[in-house]
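Reading the structure
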Amino acid sequence: AQRVTQPEKLLSVFKGAPVELKCNYSYSGSPELFWYVQYSRQRLQLLLRHISRESIKGFTADLNKGETSFHLKKPFAQEEDSAMYYCALRGTGGFKTIFGAGTRLFVKA
Amino acid sequence: SQTIHQWPATLVQPVGSPLSLECTVEGTSNPNLYWYRQAAGRGLQLLFYSVGIGQISSEVPQNLSASRPQDRQFILSSKKLLLSDSGFYLCACDRDREETQYFGPGTRLLVL
């Protein structure tokens, strides 16, 4: 069954500290993986996707097929990074996107 | 780019009353449309999706239904609301061959 697991509901770090938001997935084929972010009073929006292999707002995520993980990382957290982060999976050729439960990141000054 | 509108933004309804939430999309044609419910600690749960007018797929059995009367209009309905229907409902869209979903601002529903 397709599943996305974000083990941490809440993550709190100090400004300037490294941050890693964990995401593990379960899928029998080769999925597309995404990170979505929802800032306070804003719409849920795409942050990055694994096929782009890009860094957005200093965040990167590497797809590890062996560990079935897609952890989101940033070396130096900023206060404006505080938000709700969702890891998501879409199967090849499918219409459905499966979302994790989300991790709320607090970056403290 | 696509813009998604949802209304109302907030709704308070008594148990047993009907429900109609509307979602409309601008800036694209023939989109795939989705209804999600966002619950605290449970992420986004896909409720319905539609790949075309009149085509609705239901993901979970529940007290809700969806309809797509026009290409860029997606409606979430209920004949009799339950307390458990309370939540935050998000409409989303994407297009074939694109993988990014765009989300609306959401509707917060409180059933009392």
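As a reminder, the structure under discussion sits directly above these lines.
Please read all numbers here as calculations on a predicted model, not as lab measurements. (Residues numbered from 1 in each chain as written. Chains lettered and ligands numbered in written order. Predicted model: local features only at pLDDT ≥ 70, side-chain atom pairs only at ≥ 80, totals over all residues. Heavy atoms only, no water.)

Remarks on the environment of A17 of chain A
Residue and element names in this part refer to chain A.
- Relative to the elements of secondary structure, A17 occurs in the loop between strand 2 (10-14) and strand 3 (19-21).
- Assessed through its relative accessible area of 22%, A17 is described here as partly exposed.
- In sequence terms A17 and I56 are 39 residues apart; their C-alpha atoms lie 17 Å from each other.
- For A17, the contacting residues outside a window of four places in its chain are K74, P75, F76 and A77. (Helix = DSSP H or I, 4+ residues; strand = E, 2+ residues; numbered from the N terminus. Buried < 20%, exposed > 50% of the residue type's maximum accessible area, 1.4 Å probe, protein only. Contact = heavy atoms within 4.5 Å.)

So, the packing of aromatic side chains
- Under the counting rule described, the total for this entry stands at eleven aromatic pairs over all chains.
- With a centroid separation of 5.8 Å and 45 degrees between ring planes, the pair formed by Y36 of chain B and F103 of chain B is classed as tilted. You can see Y36 of chain B sitting in strand 4 (residues 32-39) and its partner F103 of chain B sitting in strand 10 (residues 102-103), a full 67 residues away along the chain.
- The exposure class assigned to Y36 of chain B is buried, which follows from its relative accessible area of 0%.
- By relative accessible area, which is 5% here, F103 of chain B ends up buried.
- Feature note: the residues F34, Y36, Y86 and F99 of chain A together with Y34, Y36, Y49 and F103 of chain B constitute an aromatic cluster, connected by ring pairs. (Phe/Tyr/Trp six-rings, centres within 6.5 Å; stacked < 30°, edge-to-face > 60°.)

What about a nonpolar patch on the surface?
- A cluster of nonpolar side chains, namely V12, L110 and L112 of chain B, defines an oily patch on the protein surface of about 280 Å² accessible area.
- Considering the arrangement of structural elements, one finds L110 of chain B in strand 11 (residues 107-111). (Patch = residues over 30% accessible without salt bridge, like charges linked within 9 Å, V, L, I, M, F, W, Y side chains within 5 Å. Areas by Shrake-Rupley, 256 points an atom, 1.4 Å probe, with all protein chains shown as cover. Salt bridge = Lys/Arg side-chain N within 4 Å of Asp/Glu carboxyl O.)

A word on the pattern of salt bridges
Residue and element names in this part refer to chain A.
- Taken as a whole and assessed by the stated rule, the structure comprises six salt bridges over all chains.
- The partner of K73 in a salt bridge is E20, with the nearest N and O atoms 3.6 Å apart. Taken together, the residues K73 in strand 8 (residues 72-74) and E20 in strand 3 connect sequence positions 53 residues apart.
- Of the residues examined, E20 reaches a relative accessible area of 28% and is grouped as partly exposed.
- With a closest N to O distance of 2.8 Å, D81 and K74 form a salt bridge.
- For D81, a relative accessible area of 3% puts it in the buried group.
- For K74, a relative accessible area of 10% gives the class buried.
- Three or more residues are tied together by salt bridges with common partners; here these are E20, K22 and K73.

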